[in-house]
Amino acid sequence: TQVLRKSLQRGAVLSAGSFLVYEAHKLISGFAEVHASFKVEDVIEQADYLYGSGETEKLYRLLVQHKNSDDAELLWRLARSSRDLAQLGTTSAEEKRQLTYDSLEYAKKALEKNESNFAAHKWYGICLSDVGDYEGIKTKIGNAIIIKEHFQRAIELNPKDATTIHLIGIWCYSFAEMPWYQRKIAATLFATPPTSTFQEALHYFHMAEEADPNFYSKNLLFLGKTYLKLNNKKMALLWLSKAKDYPAQTEEDKQVQKEALELLNSM
């Protein structure tokens, strides 16, 4: 897909016979560990192929078998896969909720296993935001600073990851357009409530585009939307047209095309 084309460790005296059995067990265990390390690489390779092919359900079935893994690379992929499955139109509301909470747990476990994994930080931030949709606006705003911190940490670990830069842009855009009643909630939660501007959001959307040009239909759309907020219709027209003409490979791309077209028509 576009988004990411260009983020899974006797203290007893033994008789001669039992000693041999114990040594054999150690030897077999050693081979098993070596085999397991190769297996992780194989699973990741297979998972990335399925992800690139848009095989959401197959990918989830593959990765969920490894939910007890200690490998951060596997776990963040499982978090992403669970979230992608939750987004499908065929997923029931009950399953969607369960998958959303599961994805956060997998991302959290990935972070616990490897704090230096940029993708674990990115997906933890995304999944924490998703859970906020179920827990109300107060929780969502309360988690906002934590979410941004994880996105920023992901960029520190991988400055070229365009999607994480885009996500900080979305964070800024959301706070720039936050309605007054949500600002009031934020003021009760923080001594200094988080704020942002459309200009700051624009900076991150352009920064993402510089890191990986034309990488994501939604980044093009938000460049157009942000320019509209800033009353720059010429630049809004440019970026919304790019979003409308973006080759749709996913359901999200199709939604982006639809929204871009509606905005262009309204102009």
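Residues numbered from 1 in each chain as written. Predicted model: local features only at pLDDT ≥ 70, side-chain atom pairs only at ≥ 80, totals over all residues. Heavy atoms only, no water.

- Per an unreviewed UniProt entry, the recorded name for the chain is Regulator of microtubule dynamics protein 1, and the organism is Thryothorus ludovicianus.
- Of the comments in the UniProt record for the chain, the one headed Sequence similarities (unreviewed entry) reads "Belongs to the RMDN family."
- The record in UniProt for the chain states the following under Subcellular location (unreviewed entry): "Cytoplasm, Cytoskeleton". (UniProt positions renumbered as here; feature names shortened; annotations may be inferred.)

**Quick look at the overall build of the chain**
- Along the backbone of the chain there are 13 helices and zero strands.
- In the chain, the succession of helices and strands from N to C terminus is α-α-α-α-α-α-α-α-α-α-α-α-α.
- Taken over 267 residues, the chain has a buried fraction of 42%.
- Element-wise, carbon and sulfur atoms account for 54% of the exposed surface of the chain, whose accessible area totals about 14,800 Å². (Helix = DSSP H or I, 4+ residues; strand = E, 2+ residues; numbered from the N terminus. Buried < 20%, exposed > 50% of the residue type's maximum accessible area, 1.4 Å probe, protein only. Areas by Shrake-Rupley, 256 points an atom, 1.4 Å probe, with all protein chains shown as cover.)

**Regarding the pattern of salt bridges**
- Per the counting criterion, the structure on display carries 13 salt bridges.
- Lys-258 is the salt-bridge partner of Glu-262, the closest N and O atoms lying 3.4 Å from each other. With Glu-262 and Lys-258 both in helix H13 (residues 251–266), this residue pair falls four residues apart, about one helical turn.
- Looking at Glu-262, the relative accessible area reads 45%, which means it is partly exposed.
- Among the ionic contacts, a cluster of salt bridges with common partners joins Asp-48, Glu-73 and Arg-77. (Salt bridge = Lys/Arg side-chain N within 4 Å of Asp/Glu carboxyl O.)

**A few points about the packing of helix H3 (residues 72–87) against helix H4 (residues 93–113)**
- At their nearest, the axes of H3 and H4 sit 8 Å apart, and the two run at 165° to each other. The angle between H3 and H4 falls in the class roughly antiparallel. Handedness of the crossing formed by H3 with H4: left-handed. When H3 is examined against H4, the residues Ala-72, Leu-75, Trp-76, Leu-78, Ala-79, Ser-82, Arg-83, Leu-85, Ala-86 and Gln-87 are found in contact with a partner set consisting of Lys-96, Leu-99, Thr-100, Ser-103, Tyr-106, Ala-107, Lys-109, Ala-110 and Lys-113.
- Split into classes, the residues belonging to the contact of H3 with H4 amount to 11 nonpolar, four polar and four charged. (Axes fitted to C-alpha atoms, helices over the stretch in contact; angles between N-to-C directions. Parallel < 35°, antiparallel > 145°, perpendicular 65-115°, else oblique. Left-handed = near helix turned anticlockwise from the far one by under 90°. Contact = heavy atoms within 4.5 Å. Nonpolar A, V, L, I, M, F, W, Y, C, P; charged D, E, K, R; others polar.)

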